[in-house]
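Okay, here's what each chain looks like letter by letter:
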Number of protein chains: 2
Amino acid sequence: MNIGEIAEKSGLPAKTIRYYEDIGLVMPNRSQNGYRHFNDTDLHKLTFLARARTLGFSIEDCRTLMALYEDETRASADVKDIATQHLDRIDDKIAQLQSMRETLSHLVAECAGDNRPDCPILNDLAYHRE
Amino acid sequence: MNIGEIAEKSGLPAKTIRYYEDIGLVMPNRSQNGYRHFNDTDLHKLTFLARARTLGFSIEDCRTLMALYEDETRASADVKDIATQHLDRIDDKIAQLQSMRETLSHLVAECAGDNRPDCPILNDLAYHRE
DNA sequence: CCTTGACCTTCCCACTACTGGAAGCTCTAT
DNA sequence: ATAGAGCTTCCAGTAGTGGGAAGGTCAAGG
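Throughout what follows, the structure given in this document is the object of discussion.

Rules behind the numbers
Residues numbered from 1 in each chain as written. Chains lettered and ligands numbered in written order. Predicted model: local features only at pLDDT ≥ 70, side-chain atom pairs only at ≥ 80, totals over all residues. Heavy atoms only, no water. Helix = DSSP H or I, 4+ residues; strand = E, 2+ residues; numbered from the N terminus. Contact = heavy atoms within 4.5 Å. Buried area = accessible area lost by both parts, 1.4 Å probe. Salt bridge = Lys/Arg side-chain N within 4 Å of Asp/Glu carboxyl O. Polar contact = N/O pair within 3.5 Å; in protein donor to acceptor, adjacent residues only side chain to side chain. Near = heavy atom within 4 Å. Least-squares fit on C-alpha atoms with pLDDT ≥ 70 in both. Buried < 20%, exposed > 50% of the residue type's maximum accessible area, 1.4 Å probe, protein only.

**Quick notes on the environment of Glu110 of chain A**
Move 1: Relative to the helices and strands, Glu110 of chain A is located in helix H5 (residues 76–110).
Move 2: Here the alpha-carbon distance between Glu110 of chain A and Met100 of chain A, two residues ten residues apart in the chain, equals 16 Å.

As structure tokens, then:
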């Protein structure tokens, strides 16, 4: 498979696949013309990566998860640790966003949104005291 | 005020304040020795920016919001539009994170987390079909 | 007067995870 | 022969800092 084909099959843009090769996540062979040549194992890896990225894992987490996946002597505890930490980070982010959301939605609700200049949103930004 | 003092008062790192000058968000005067010299207006602007950033507005949003703040003939509708769009982006992000959270928490719950290799998390990554 | 240490300056690199674009080579079909 | 699609590498840029080098400035102490 050339890069275009595997891009379609894996759902990852060709650019991204080249980038993953750059950072050593996949190592496709090369044809004589210099084109990357991907096999089914590469496709499987890329699909794995695409799924892990969809779940929000960082590239470094993905690297570790792939290594664990390929290590038949792994302990599932190691995988669970990574996932749990990731989950904690997600929870932190959600909490942070919800706090923003809370404040913003109040301000938006209070703002008349007409052609007059008075605006509670700007007042908050200018004079907010924690 | 020198940069150290205003950094402390505004709560922004000196590095960040220099960056904000670079991109034209603040324009402090310079003393004869070349040091930046900030006045109360600068402090007010930086505090405004710090608050806007806390609420998650992008730098470009901040630039627009500051311009509106300084424009006495503004329409509050323009401010409300920016805030509403930002709120929508936040809602999107929260939804995305909660979807990840949902999937991940199930997988984590199913994983034994012991020293055996079998792991539902890796199975999902490797064989997930949407 | 000299030195020390805390400030300040500019400049450049690194980070995350790509994305876009330019210049140029290869393949396929007409 | 040529057009167009697909491939290659390399370079630059994104957002918003953070880290650190190399060097100028200032105030206090000996």
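**So, the interface of chain A and chain B**
Move 1: Contacts between the two partners involve 53 residues from chain A, matched on the other side by 53 residues from chain B.
Move 2: Here chain A meets chain B over a buried area of about 4,600 Å², counting both sides, of which 72% is carbon and sulfur.
Move 3: Three residues stand out in chain A for area buried against chain B, namely Arg51, Leu122 and Leu125 of chain A, and they jointly supply 15% of the buried area on that side.
Move 4: Our count for the chain A to chain B interface comes out at four salt bridges.
Move 5: Linking Arg51 of chain B and Asp124 of chain A is a salt bridge whose minimum nitrogen-to-oxygen distance equals 2.7 Å.
Move 6: At the boundary of chain A with chain B, the tally comes to 20 residue pairs in polar contact (both at pLDDT 80 or more).

**Observations concerning the protein's contact with DNA strand D**
Move 1: Surveying the vicinity of DNA strand D reveals 19 residues, the closest of which are Arg36 of chain A together with Lys15, Thr16, Tyr20 and Ile59 of chain B.
Move 2: In the interface set of DNA strand D, defined as its atoms within 4 Å of the protein, sugar plus phosphate atoms amount to 69%.
Move 3: Arg18 of chain A is positioned such that a nitrogen or oxygen atom in its side chain is 3.1 Å from a phosphate oxygen of DNA strand D.
Move 4: Ile59 of chain B places a main-chain nitrogen or oxygen 3.2 Å from a phosphate oxygen of DNA strand D.

**Quick notes on the relation of the copies chain A and chain B**
Move 1: Placing chain A over chain B gives an RMSD of 0.1 Å and needs a rotation angle of 180°, together with 0.0 Å of translation along the axis. Here the symmetry operator amounts to a two-fold rotation axis. Every residue of chain A has its C-alpha some distance from the rotation axis, and the shortest such distance is that of Ile94 of chain A, at 3.0 Å.
Move 2: Most of the interface of chain A is mirrored in chain B, where 100% of its interface residues again form contacts.

**Considering the pattern of salt bridges**
Residue and element names in this part refer to chain A.
Move 1: Summed over the entire model, instances satisfying the criterion amount to 18 salt bridges over all chains.
Move 2: We note a salt bridge from Glu60 to Arg63, for which the minimum N-O separation is 3.1 Å. Separated by three residues within a single helix, Glu60 and Arg63 lie in helix H4 (residues 59–70), roughly one turn from each other.
Move 3: Relative accessible area serves as the criterion here: at 46%, Glu60 is assigned to the partly exposed category.
Move 4: Between Asp61 and Arg89 there is a salt bridge; the shortest N-O distance is 3.0 Å. Placement of the pair is Asp61 in helix H4 and Arg89 in helix H5, with a sequence separation of 28 residues.
Move 5: With a relative accessible area of 15%, Asp61 lands in the buried category.
Move 6: For Arg89, a relative accessible area of 40% corresponds to the partly exposed category.
Move 7: Via salt bridges that share partners, Glu21, Arg30 and Arg36 belong to a single interconnected network.

So, to be careful, I would describe these as geometric facts and stop short of saying anything about function.
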